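Fold and geometry: a report
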Amino acid sequence: MEKRKTWHDLLPALLAILVTLVTPYLLPMGLRSIAPPLGLSVIFYFRSRVPFMNVAVWIALLSGLLLDVIQAMPVGVGISAALLLYWLARPREERDEDRSFARNLLRFTWVSPIIMGWIYLLMSMVQGQFFPMTLPIFQWLAMVASYPLIYAFCHAIHQMMLQSKRYSL
Amino acid sequence: MSKPYTSSHAYAWQDWASKLLFILLFAASLVMVAVGRFENTSLQRAQEAATGLWAPIGHFIASPVQTTTAGLDQLRDTLHNARNAGTLAQENEILRQWKQRAEQLQAENESLRKLLKVVPATQTTDLTARVLGSIAGPYSHQLQLAAGSEEGVVPSMAVVDSDGLVGRTLSATPRTAEVLLLTDINSRVAVVTGKSHEHAVAKGQGDTLLALDYLPQDTKIEVGEKIYTSGDGALLPAGILVGTVSEITGGQAKVIPAVDTSRLDFVRLLLAKD
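Residues numbered from 1 in each chain as written. Chains lettered and ligands numbered in written order. Predicted model: local features only at pLDDT ≥ 70, side-chain atom pairs only at ≥ 80, totals over all residues. Heavy atoms only, no water.

A few words on the overall build of chain B. Helices and strands together make up the secondary structure of chain B, namely 3 helices and 12 strands. By the compact-globule yardstick of 19 Å for 274 residues, chain B is too spread out, its C-alpha radius of gyration being 25 Å. Taking the principal axes of its C-alpha atoms as reference, chain B extends roughly 90 × 50 × 45 Å. Taken over 274 residues, chain B has a buried fraction of 36%. Of the contacts formed within chain B by residues at least 6 apart in sequence, a portion of 54% connects residues at least 24 apart. For chain B, the accessible area works out to roughly 16300 Å², and carbon and sulfur atoms hold 58% of it. For chain B, the centre of its 24 positive side-chain charges and the centre of its 28 negative side-chain charges are spaced 1 Å apart. (Helix = DSSP H or I, 4+ residues; strand = E, 2+ residues; numbered from the N terminus. Rg over C-alpha atoms; globule rule 2.2 N^0.38 Å. Buried < 20%, exposed > 50% of the residue type's maximum accessible area, 1.4 Å probe, protein only. Contact = heavy atoms within 4.5 Å. Areas by Shrake-Rupley, 256 points an atom, 1.4 Å probe, with all protein chains shown as cover. Lys, Arg positive; Asp, Glu negative; His and termini not counted. Charge placed at Lys NZ, Arg CZ, Asp CG, Glu CD.)

Below, the structure written as structure tokens:
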């Protein structure tokens, strides 16, 4: 029998949407282009830390769609990237050490370039030529550099969820 | 670790079903990319509508940052002006003289045109629009404007500011419009060089510079030369400043756009009159 749903179930989704939609606008115009994939960092955190969160796949879909809209990418590019992240960030239940921040950051550091590379390759295929690599690399650096902040936010939300006894690691 | 609240059999089935769902969704996303590549009308319209709906909200969220940035810019300008007041006064005097001279030349030009019965160049109508912000991303260089089809914006209008050409309108919803910037990888503009008068195509490269294509083999183009729209193809009006040649390497010229698009507040949209 499933437990009753509470509003806490929506927190990761809301956070992913908020970060994807809002962060680009909190930076000066010249720097906005590096912000949109930060929503992917939220997906990574919750997917890697909350094993039985069925809603994660829908968060991934929605965040990917928003990424497509905000970055004016063909619909499907961001969605496939977010789904790929969903798969790469799946929880490894046998590895308890993944729960530490350092391990989580390390895992994010090798998973995130795969995602950014996937977006780069799809966009280049769609366009028929390779894009300059400078901005995607900046985007990835911004993702890694800001991950501790995203981690702190997500961790606080996660604690709220744990306190509500809805999830357990 | 606790399992969810189902039997192990049901859990295995759920696990299998979620894997299948994932594969289907992933395949669907790739199909969407392919569909968008070959037939993009319906998906593109939906995306444009979503972008148009989000634009005012995004602008509202960005307003504190924009206000702060504008305030800092204003402070920097004030300090700069205070330091250079003498030079500015001198420059102002020179500009006044040039304005007077330009007015004389304009009058002379008009009377000579009448004498020669010259067919006038394409006239343009224009409207001014506020910039809502950029559509952020390394793969697209676009701007959103707070004016749309209700204000008369249509695709392929030239978008300019006081420094020169910004780009051209790509699409318009009733209240917003998207502008393809010159630096976007899909941007192509027919241009003519100011001094050597050579025709070429300024191509966006997805970074800060434009590349000049189709220059003649024996090109006489020089670094520092101004580049203007040629009006070829009647897509954009002729004579709008596009940028300045910054480097020439191996017969390939690079151009710095005249407009810094990260600091735009308002732009003008030009449409050739029928």
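Here the focus is the overall build of chain A. Summing up its helical and strand segments, chain A has 6 helices and 0 strands in all. Secondary structure elements in chain A, listed N-terminal to C-terminal, are α-α-α-α-α-α. The buried share of chain A, taken over its 169 residues, is 57%. For chain A, the proportion of contacts with a sequence separation of at least 24, taken over those separated by at least 6, is 71%.

Let's shift gears to the nonpolar core. Counting residues in each nonpolar core, the largest one holds 53 residues, and the members touching the most others are Leu40, Val42, Phe46, Leu83, Ile115 and Ile119 of chain A. Breaking this core down by element, the ones donating at least two residues are α1 (11–22), α2 (38–49), α3 (56–70), α4 (77–88), α5 (101–127) and α6 (134–163) of chain A together with α1 (8–38) of chain B. Of all hydrophobic cores here, the second largest spans 20 residues; its members include Leu182, Val189, Val191 and Ile221 of chain B. (Core = buried A, V, L, I, M, F, W, Y, C linked by side-chain atoms within 4.5 Å.)

Glancing now at the confidence of the model for chain B. Overall, the prediction assigns chain B a mean pLDDT of 82, with 92% of residues at 70 or greater. pLDDT under 50 marks residues 1–5 of chain B. Its contacts with residues more than four places away, or in other chains, come to 13 contacts. (pLDDT = per-residue confidence, 0-100.)

A separate point is the interface of chain A and chain B. Counting residues at the interface gives 54 residues for chain A and 43 residues for chain B. At the junction of chain A with chain B, the criterion picks out 0 salt bridges. The tally of links from chain A across to chain B stands at 1 residue pair in polar contact (both at pLDDT 80 or more). Those elements that place two or more of their residues in the side of chain A that touches chain B are α1, α3, α4, α5 and α6 of chain A. Of the residues forming the side of chain A that touches chain B, the biggest block, 9 residues, is contributed by α5 of chain A. For the side of chain A that touches chain B, a count of residues per class yields 39 nonpolar, 9 polar and 6 charged. (Salt bridge = Lys/Arg side-chain N within 4 Å of Asp/Glu carboxyl O. Polar contact = N/O pair within 3.5 Å; in protein donor to acceptor, adjacent residues only side chain to side chain. Nonpolar A, V, L, I, M, F, W, Y, C, P; charged D, E, K, R; others polar.)

Turning to the sheet that holds strand β9 (residues 226–229) of chain B, a few remarks are in order. Strand order in the closed barrel made by the 6 strands is β6-β7-β8-β11-β10-β9 (chain B), with antiparallel pairing throughout. Here the average twist between neighbouring strands, direction ignored, is 45 degrees. (Pairing = 2+ DSSP bridges. Axes fitted to C-alpha atoms, helices over the stretch in contact; angles between N-to-C directions.)

Looking now at the environment of lysine 220 of chain B. Residues and elements named next belong to chain B. With respect to the helices and strands, lysine 220 occurs in the loop between β8 (210–213) and β9. Classification of lysine 220 as exposed rests on a relative accessible area of 59%. Counting along the chain gives 27 residues from lysine 220 to threonine 193, while the straight-line C-alpha distance between them is 9.8 Å. Setting aside anything within four residues of it in sequence, one finds lysine 220 in contact with Ser196, Glu198 and Glu225.

Now for the packing of aromatic side chains. Per the stated rule, a full pass over the model turns up 13 aromatic pairs over all chains. For the ring pair tyrosine 45 of chain A and phenylalanine 46 of chain A, a centre distance of 5.1 Å and an interplane angle of 85 degrees mean the geometry is edge-to-face. With respect to burial, tyrosine 45 of chain A and phenylalanine 46 of chain A carry one shared label: buried. Here tyrosine 120 of chain A and tyrosine 139 of chain B contribute two aromatic rings whose centre-to-centre distance is 6.5 Å and whose plane-to-plane angle is 50 degrees, an arrangement assigned as tilted. In this pair, tyrosine 120 of chain A sits in helix α5 while tyrosine 139 of chain B sits in the loop between β1 (124–135) and β2 (142–145), so the two residues belong to two different chains. Accessibility assignment for this pair places tyrosine 120 of chain A and tyrosine 139 of chain B in one class, buried. Counting every residue linked through ring pairs, the aromatic cluster contains Phe44, Tyr45, Phe46, Phe101, Phe108, Tyr147 and Tyr151 of chain A. Just above the ring of tryptophan 87 of chain A sits the side chain of arginine 90 of chain A; from NZ or CZ to the centre is 4.5 Å. (Phe/Tyr/Trp six-rings, centres within 6.5 Å; stacked < 30°, edge-to-face > 60°. Lys NZ or Arg CZ within 6 Å of the ring centre and 35° of its normal.)

The next subject is the pairing of strand β10 (residues 241–249) of chain B. All names here are of chain B. Sheet topology note: the β9/β10 ladder contains 3 bridges and is antiparallel. Opposite isoleucine 227, over in β10, you have glycine 243 as the bridge partner. Two elements, β10 and strand β11 (residues 252–257), share 6 bridges in a ladder whose sense is antiparallel. Bridging across to β11, threonine 249 finds its partner in glutamine 252. Between β10 and β11, which pair antiparallel and follow one another directly, the connecting turn spans 2 residues, one of which, glycine 250, has a positive phi of 60 degrees.

A contiguous nonpolar patch, built from Met133, Ile137, Phe138 and Leu141 of chain A and spanning about 380 Å² of accessible area, is present on the exposed surface. Mapping phenylalanine 138 of chain A onto the fold places it in helix α6. (Patch = residues over 30% accessible without salt bridge, like charges linked within 9 Å, V, L, I, M, F, W, Y side chains within 5 Å.)

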